[in-house]
Amino acid sequence: INAEYMGRAYDIANHFVEYAGFDGDWGRHHPDRAAMLTFLRPYVLATGRAAVSDAFFNELIEWVCRFCLATHLFWGLWSIMQAMHSPIDFDFLDYARLRFVGYYYTKGMYSHLFFEH
């Protein structure tokens, strides 16, 4: 996959993870592969890329899935920092907990992308 899409893969992963909102129902709201493709095909084509192969989309989806874990870790750690320093009245620690639960849920879904059998 072209390096141009690495940063976008993180942003797209964050977009998909945010589908669950604040209730953290990752199983119900996290898009499956078909839903990801429904979003990704027009997104990539709108960037001006001409012919895009199925192999490109397969690799992009794999990177997006990997970055789903990174977004959970980022927002979980961010929430812990906010709990310590933010004047905003919000339960940041509970949100951090939700994001770490999301990390482990997502890790279970995508562990096949990290470990060869």
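As a starting point, this report considers the structure included with it. Just so you know, these numbers come straight off a predicted model, no measurement behind them. (Residues numbered from 1 in each chain as written. Predicted model: local features only at pLDDT ≥ 70, side-chain atom pairs only at ≥ 80, totals over all residues. Heavy atoms only, no water.)

In this section: the overall build of the protein chain. From N to C terminus, the protein chain includes 5 helices and 0 strands. Along its sequence from the N terminus, the protein chain presents helices and strands in the succession α-α-α-α-α. Referenced to the eigenvectors of the C-alpha coordinate spread, the extents of the protein chain come out at roughly 50 × 35 × 25 Å. Sorting the 117 residues of the protein chain into buried and exposed places 34% on the buried side. In the protein chain, once contacts between residues fewer than 6 apart in sequence are set aside, the share between residues at least 24 apart is 69%. Within the structure as shown, the protein chain displays about 6,900 Å² of accessible surface, and the carbon and sulfur contribution to it stands at 61%. In the protein chain, 9 positive and 13 negative side-chain charges are present, and the distance between their average locations comes to 5 Å. (Helix = DSSP H or I, 4+ residues; strand = E, 2+ residues; numbered from the N terminus. Buried < 20%, exposed > 50% of the residue type's maximum accessible area, 1.4 Å probe, protein only. Contact = heavy atoms within 4.5 Å. Areas by Shrake-Rupley, 256 points an atom, 1.4 Å probe, with all protein chains shown as cover. Lys, Arg positive; Asp, Glu negative; His and termini not counted. Charge placed at Lys NZ, Arg CZ, Asp CG, Glu CD.)

Using the criterion set out here, one finds 5 salt bridges in the structure. Between arginine 41 and aspartate 54 there is a salt bridge whose closest N-O contact spans 3.4 Å. A residue pair is termed long-range when its members are at least 10 positions apart, and arginine 41 in helix 3 (residues 33-46) and aspartate 54 in helix 4 (residues 54-85) qualify at 13 residues. (Salt bridge = Lys/Arg side-chain N within 4 Å of Asp/Glu carboxyl O.)

A few words on the packing of aromatic side chains. Throughout the structure, instances matching the rule amount to 14 aromatic pairs. Between the aromatic rings of phenylalanine 16 and phenylalanine 39, the centroid separation amounts to 5.4 Å while the plane-to-plane angle is 75 degrees, which identifies the pairing as edge-to-face. With phenylalanine 16 in helix 1 (residues 4-17) and phenylalanine 39 in helix 3, the pair connects residues that are 23 residues apart, well separated along the chain. Taking relative accessible area as the criterion, phenylalanine 16 reaches 1% and is therefore assigned buried. (Phe/Tyr/Trp six-rings, centres within 6.5 Å; stacked < 30°, edge-to-face > 60°.)

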